[in-house]
Amino acid sequence: MARFLEFTSNNWQLSSLIFSLLVALFWVESLRQGRSISSSQATLLMNKQQALVLDLRDNAEFDAGHIVGARHVPLSGLPDQLRLLKEYQHKPVILVCKLGQHSGAAGKLLRQQGFTNVVRLSGGISGWLGDNLPLVKS
């Protein structure tokens, strides 16, 4: 650790450049994944704007518990189901996965297909449960 601090103090220009590049990388990646919303914001979207909740988890996880009114489309089958989702192209779509990590890829795909209002549920179903919100079982 002492050598790291010595290196950064002796090469502060290089160290600041590396730090700036890392910050830029994280910023670009967060933009690429799309906007994330909290559980309370998702609830407002569902109640006020009739947002589609798109659950991207596998069948067993979906059957164990999902958000009320969620439409189940596993992430692996999303490209095949796009034509069935076209009616929601200009409506809010909330993407839900287990931890909020896989919904970024789905959001990118939907935006490429012309969906205009796609958001990710921050923390996924785990975040939803962490906020003590209910799930229904199939």
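Residues numbered from 1 in each chain as written. Predicted model: local features only at pLDDT ≥ 70, side-chain atom pairs only at ≥ 80, totals over all residues. Heavy atoms only, no water.

1. With respect to the pairing of strand β5 (residues 118–121)
The cut-off we apply is this: A simple rule labels every residue: compare its accessible area, found with a 1.4 Å probe on the protein chains alone, to the largest value its type can have, and call it buried under 20%, exposed over 50%, or partly exposed in between. Helix and strand labels come from DSSP, where a helix needs a run of H or I of at least four residues and a strand needs a run of E of at least two; each type is numbered from the N terminus. Pairs of strands are assigned from DSSP output, requiring at least two bridges between the strands. If the strands point away from the viewer and the path from the first strand over the helix to the second runs clockwise, then the crossover is right-handed.
Side chains V118 and R120 project from β5 onto one buried face, and the interleaved V119 and L121 project onto a second face that is buried too. Across three bridges, strand β4 (residues 93–96) lies against β5 in parallel orientation. Looking across to β5, one finds that I94 is bridged to V119. Each parallel crossover has a hand, and for β4 linked through helix α6 (residues 103–112) to β5 it is right-handed.

2. Quick look at the sheet that holds strand β3 (residues 71–72)
Strand order in this open sheet of five strands is β1-β5-β4-β2-β3, and the pairing throughout is parallel. Each edge of the open sheet carries a strand with a single partner, namely β1 (36–37) and β3.

3. Notes on a nonpolar patch on the surface
As a reminder, the rule being used: Patch definition: residues above 30% relative accessible area lacking any salt bridge, with like charges linked at up to 9 Å and the nonpolar side chains Val, Leu, Ile, Met, Phe, Trp and Tyr linked at up to 5 Å. Note on areas: these come from Shrake-Rupley sampling with a 1.4 Å probe, and a residue is covered only by the protein chains present in the view. A pairing counts as a salt bridge when a side-chain nitrogen of Lys or Arg comes within 4 Å of a carboxyl oxygen of Asp or Glu.
A grouping of F7, L14, L17, I18, L21, L22, L25 and F26 is seen on the molecular surface, where their side chains present a nonpolar patch of about 790 Å² in accessible area. The residue L25 is located in helix α2 (residues 12–33) in this model. Looking at L25, the relative accessible area reads 47%, which means it is partly exposed.

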